[in-house]
Amino acid sequence: MITTNNGLDLTKVKPYGDTMNDGMMQFSFTLPVPCCDESKEAAKQLLIKMGIDEPQVVDAKDLGVGYTMFTMYGKCSHTIDYTTIEVPKVDSDVMDIHGVEDFIEANFKRDIVIVGACSGTDAHTVGIDAIMNMKGFDGHYGLERYKGIKAYNLGAQVPNEELVANAIELNADAIIISQIVTQKDVHIANMTELIELLESEGIRDKMIVCAGGPRISYELAKELGYDAGFGSGSFAEHVASFIVQELVNRGM
Amino acid sequence: MTSKLNLDFSVVEKARNSARVIAEDTQTFIERHTTVTVERTIVRLLGVDGIDDIERPLPNVVVDNIKKGGGLAEGAAFWMGNAMVATGKTAQEIALAISAGEIDLTKLPVQDESKIKAVIEEEAEKMVALISGNRAQRDDYLSTIGEGPKPYLYVIVATGNIYEDVLQAQAAARQGADIIAVIRTTAQSLLDYVPFGATTEGFGGTYATQENFRIMRTALDEVGSEVGRYIRLCNYCSGLCMPEIAAMGAIERLDVMLNDALYGILFRDINMQRTLVDQYFSRVINGFAGIIINTGEDNYLTTSDAIEEAHTVLASQLINEQFALLAGLPEEQMGLGHAFEMNPETEDGFLLELSQAQMAREIFPNAPLKYMPPTKFKTGDIFKGHVQDTLFNAVSIMTGQGLQLLGMLTEAIHTPLLQDRALSIENAKYVFKNLRHLGDEIEFKSGGIIQSRAQGVLKEAADMLEEIENTGIMATIEQGKFAGVTRKMDGGKGLDGVTQKGDRYFNPFIPMMLGGAK
Ligand code: B12
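As the structure is a computational prediction, the values presented were derived from the model and not from experiment.

Q: Even after reading the chapter, I still don't get the overall build of chain B, so can you show me in this structure?
A: Counting its secondary structure elements, chain B contains 20 helices and 11 strands. Relative to the globule expectation of 24 Å for 518 residues, the C-alpha radius of gyration of chain B, 23 Å, shows essentially globular dimensions. Here the C-alpha coordinates of chain B stretch approximately 75 × 50 × 40 Å along the principal axes. Within chain B, buried positions represent 62% of all 518 residues. Relative to all contacts within chain B whose residues are 6 or more apart in sequence, the contacts with residues 24 or more apart total 78%. Accessible area of chain B: about 18400 Å², with a carbon and sulfur share of 51%. Treating the 47 positive side-chain charges of chain B as one cloud and the 70 negative ones as another, the clouds have centres 1 Å apart.

Q: Please clarify how the interface of chain B and chain A should be interpreted in this entry.
A: Interface extent is often summarised as the accessible area lost during association of the parts. At the junction of the two partners, chain B supplies 28 residues and chain A supplies 20 residues. The tally of links between chain B and chain A comes to 1 salt bridge. Glutamate 426 of chain B is the partner of lysine 61 of chain A in a salt bridge, and the nearest nitrogen-oxygen pair spans 3.7 Å. Where chain B packs against chain A, one counts 7 residue pairs in polar contact (both at pLDDT 80 or more). Broken down by secondary-structure element, the contributors of at least two residues to the side of chain B that touches chain A are helix 7 (162–175), helix 10 (261–268), helix 12 (300–303) and helix 16 (418–434) of chain B. Among the residues making up the side of chain B that touches chain A, the classes are represented as 12 nonpolar, 12 polar and 4 charged.

Q: How should the coordination of the cobalt atom of the ligand be read in this particular structure?
A: Tetrahedral coordination by four donors places them ideally at 109.5 degrees to one another around the metal; octahedral coordination by six donors ideally gives 90 or 180 degrees. A lone protein donor binds the cobalt atom of the ligand: His124 of chain A (NE2), at 2.2 Å. On the secondary structure map, histidine 124 of chain A appears in the loop between strand 4 (112–119) and helix 3 (126–132).

Q: What's the story with the sheet that holds strand 10 (residues 403–405) of chain B in this structure? I'm lost.
A: Whether parallel or antiparallel, the strands of a sheet pair through hydrogen bonds between backbone atoms. Residue and element names in this part refer to chain B. The sheet built from 9 strands is open, its strands ordered 7-6-5-4-3-2-10-9-8 with parallel pairing. Each having just a single partner strand, strand 7 (334–335) and strand 8 (337–339) make up the two edges of the open sheet. Looking at chain direction, strand 3 (residues 179–182) and strand 4 (residues 232–236) are connected through 3 bridges and run parallel. Of the residues in strand 4, the one forming a bridge with isoleucine 180 is leucine 233.

Q: Which parts of the structure should I look at to understand the layout of surface pockets?
A: By rolling a water-sized probe across the atoms, one finds the places where empty space is left. If you add up the space inside the second largest pocket, you get close to 410 Å³. In terms of lining residues, the second largest pocket is bounded by 18 residues, among which Ser28 of chain A together with Ile382, Phe383, Leu409 and Leu423 of chain B are the most central. Elements with a minimum of two residues in the lining of the second largest pocket: strand 1 (24–31), strand 2 (52–62) and strand 3 (68–76) of chain A together with helix 15 (382–399) and helix 16 of chain B. Here the lining of the second largest pocket gets 4 residues from one element, more than from any other, and that element is helix 15 of chain B. Considered class by class, the residues forming the lining of the second largest pocket number 9 nonpolar, 6 polar and 3 charged.

Q: Is there a simple way to think about empty space enclosed by the protein in this case?
A: Residue and element names in this part refer to chain B. All told, the structure shown has 4 cavities of 30 Å³ or more when counted by the stated rule. Contributing to the lining of the largest cavity are 14 residues, with Ala310, Val313, His338, Gln356 and Met359 lying nearest its centre. Those elements that place two or more of their residues in the lining of the largest cavity are helix 13 (310–326), strand 8 and helix 14 (349–363). With 5 residues, helix 14 is the largest single contributor of residues to the lining of the largest cavity. Across the lining of the largest cavity, the residue classes tally to 10 nonpolar, 3 polar and 1 charged.

Q: Where do I start with the side chain of glutamine 401 of chain B in this structure?
A: Residues and elements named next belong to chain B. Mapped onto the elements of the fold, glutamine 401 is located in the loop between helix 15 and strand 10. By relative accessible area, which is 1% here, glutamine 401 ends up buried. In this structure the side chain of glutamine 401 is engaged in a polar contact, spanning 2.7 Å, whose partner is the side chain of histidine 338. Only 2.9 Å separates the side chain of glutamine 401 from the side chain of threonine 399, close enough to count as a polar contact. Those residues in contact with glutamine 401, other than ones at most four positions away along the chain, are Lys150, Pro151, His338, Ala357, Arg361, Leu369, Tyr371 and Ser396.

Q: How do you make sense of a nonpolar patch on the surface when you look at a structure like this?
A: Taken together, the side chains of Leu8, Leu10, Ile80, Tyr82, Ile85 and Val87 of chain A make up a nonpolar region of the molecular surface, amounting to roughly 590 Å² of accessible area. Considering the arrangement of structural elements, one finds valine 87 of chain A in the loop between strand 3 and helix 2 (97–107).

Q: Is there a simple way to think about the site of the ligand in this case?
A: In the region of the ligand, 46 residues are neighbours, and His124 and Thr182 of chain A together with Arg184, Glu411 and His414 of chain B sit closest. Near the ligand, the surrounding residues belong to chains A and B. A distance of 2.6 Å separates an oxygen atom of the ligand from a polar backbone atom of threonine 182 of chain A. Secondary-structure elements contributing two or more residues to the shell around the ligand are helix 3 and strand 6 (174–178) of chain A together with helix 10 and helix 12 of chain B.

Q: So what exactly am I meant to see when it comes to the packing of helix 6 (residues 113–144) of chain B against helix 11 (residues 272–289) of chain B here?
A: A pair of packed helices is characterised by two quantities: the angle between their axes and the separation of those axes. Residues and elements named next belong to chain B. Helix 11 packs onto helix 6 with a crossing angle of 50 degrees between their chain directions and a minimal axis gap of 9 Å. It follows from the interaxial angle that helix 6 and helix 11 lie oblique. Only Gly287, Phe288 and Ala289 of helix 11 make contact with helix 6, whose side of the interface consists of Val128, Ile131, Ser132, Arg135 and Arg138. Class assignment of the residues belonging to the contact of helix 6 with helix 11 gives a composition of 4 nonpolar, 2 polar and 2 charged.

Scoring rules and cut-offs
- Residues numbered from 1 in each chain as written.
- Chains lettered and ligands numbered in written order.
- Predicted model: local features only at pLDDT ≥ 70, side-chain atom pairs only at ≥ 80, totals over all residues.
- Heavy atoms only, no water.
- Helix = DSSP H or I, 4+ residues; strand = E, 2+ residues; numbered from the N terminus.
- Rg over C-alpha atoms; globule rule 2.2 N^0.38 Å.
- Buried < 20%, exposed > 50% of the residue type's maximum accessible area, 1.4 Å probe, protein only.
- Contact = heavy atoms within 4.5 Å.
- Areas by Shrake-Rupley, 256 points an atom, 1.4 Å probe, with all protein chains shown as cover.
- Lys, Arg positive; Asp, Glu negative; His and termini not counted.
- Charge placed at Lys NZ, Arg CZ, Asp CG, Glu CD.
- Salt bridge = Lys/Arg side-chain N within 4 Å of Asp/Glu carboxyl O.
- Polar contact = N/O pair within 3.5 Å; in protein donor to acceptor, adjacent residues only side chain to side chain.
- Nonpolar A, V, L, I, M, F, W, Y, C, P; charged D, E, K, R; others polar.
- Donors = N, O, S within 2.8 Å, 3.2 Å for Na, K, Ca; no water.
- Pairing = 2+ DSSP bridges.
- 1 Å grid on protein atoms, 1.4 Å probe; cavity = no way out; pocket = protein on both sides within 12 Å on 5 of 7 lines; lining within 4 Å.
- Points joined across faces, edges and corners; volume = space filled by probe spheres on them.
- Patch = residues over 30% accessible without salt bridge, like charges linked within 9 Å, V, L, I, M, F, W, Y side chains within 5 Å.
- Near = heavy atom within 4 Å.
- Axes fitted to C-alpha atoms, helices over the stretch in contact; angles between N-to-C directions.
- Parallel < 35°, antiparallel > 145°, perpendicular 65-115°, else oblique.

Below you can see the structure in the form of structure tokens.
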């Protein structure tokens, strides 16, 4: 690797275009005003307010209703201290399927019961199927394939009441839900309702509860009272590793 | 037509015959049954509209009253006609009286059957004339202001607020769109009633209501005259209220309707008996109203693999074609669905997509095929997404697709923003213009990748149809042969709304709309 002292200072990181610290960024957005000199000026002023130096409108077009789409470049004046960044994350180890199976055998005398669903009004089953179904996703087997795990996939559009009733009936160690539709924050309401329901049943502490989906972050899930959240690119082993280790940590 | 793919049309013929047997088999079941939404549709077509003081739609009030009285088997036309003869009131007045508890339909003395039929037929004719008028008006617009060339540029609006949708739709039309589809709000398909009035609150889409249809229709007629192209309006007549929405669409001059029982069964878990019966009446209405239907085969490829399961799409299109013909819907109105959904990592994936699109074109030469863009393999990489859509557009123009549902670079993120749609339209216009006659100029290598692929898919589809011909469509769905989804004959939503027709049952609209053919 070529190591030149290229001026990178991790306490003051800036966007990179083609020269260290040039701050170069690209933008595209629409302003609800017609395409004219005044709106281009408005777009530039907006970028200046955002801390962008030398904003340039490289393209502006009318979208047919007196609104204008801009493509712009400019140089960011802000910097970030990369050395102080902390992101909350699942801190358990990720094991592969065999690792999880061995871990279960070493630590439990029973099968781990995981109940999953795409809950609320959400009908997108592909994500939860990717995690739970035998064949899994992208070469990663799903929970149904794991020795020592009993996985129940309740499918799509499962109301929270039904999900909780099933979890109680099956004596679940963990509930995992998938939330794909996030428009108008429907997932927030639905995810909150599940936690409230578990609390009112007095069983929130008796189960690990996780959520997943492309717009679900660990941080968001924690904020809403979940034990963990899993975003795009997650596989069964991620959630399985977390659940089995968390059960041991909590002595469950 | 000479086949660029060197398809064996005797295999096509055989597959089509199997599909015909499958559809006809199901049709005997369909014709013995009716459903609550079929009856509510009849009530609507008799002129009943609106809600009562507790916001129940009047068509539901009427049919609930009949159902409670144990009269569903006779049908709404019988009971409404009976009440009209007995009381001299209009259908709307009767509905209001039921809501007020003043009339109980099945308790009224039964009148002379010929009088009942006469009064109903008179009412029905009025509605049929109105719908014919809408059809004539569309034709008039098409011949005066004209339309864009095929493939029609088809975009969706989905803000949840009908007024915001209007703005987005008019913008899209000015940018070059030919068809505006108003996506329905999450889970409307599971409502066993159609909401009423203009709506401004929806999730991932906007409620399909008759008032919303009217608002959008007016806006599109306005912008259509301005841009010199008739702008088609599309909505969804699927779910538990399939035929009611078809009726509303026919009344408000919609032009395109998603309309597919198989989609509802597989992707919304609607009971198969219910929705197959509903589909028949809705297709009769759509056929008569000159509405292009869209079928949902493209969705199969979101839950199963586009390469391995391509034949299920073709098999389903052939079945859908036969169901449509039985409902009097001509080929020119069959927007059979398929999609560009292969994993972009596939070597020669473009060739396979090209092959399948050309195959659909050759097997359904007169149908305005609905071609769906890449969705499943879209990611947050919007730049790559735009390139995926470009390849999709290239296949479409090279194979003469009918309705081009434009891909969005932000497909994996949100329902389209104003600017996303503008970029998509620009992409399609650019590709279509530059490649307009490419398809006419090229032939495919004999025995090459493209020809072999299509021949293989066709054969698999024909084999699958032969199997279904033996087991029947319902059993095939029970076995999970489509989209990898299993549904049970008695499972899913809406079964309790299905009933066998009684001796006195009649639906005046079927003979009128099928032109007396049935
Ligand atoms: C396929 C699809 C459909 C299919 C679904 C078929 C089915 N049975 O699932 C159909 C056509 C039915 C459909 C319908 C609708 N859809 Co849709 N759909 C998609 C699409 C194209 C792909 C989704 C997908 O399958 N991804 C592949 C899977 C494997 O990825 P994933 O879900 O992200 O899952 C991974 C991770 O997130 C994670 N994960 C997910 N869940 C969980 C759970 C746990 C516990 C864990 C650990 C991990 C985990 O692991 C998975 C594997 O890595 C997306 C667009 C896109 N490209 O994302 C739109 C999309 C999700 N749909 C959307 C919308 C709006 C709808 C509708 C509401 C439209 C409408 N108005 O009718 C309806 C929804 C109806 C409803 N009630 O939900 C929007 C959502 C916008 C938003 N952010 O809210 C999207 C983004 C499209 C768009 N741009 O508008 N859709």
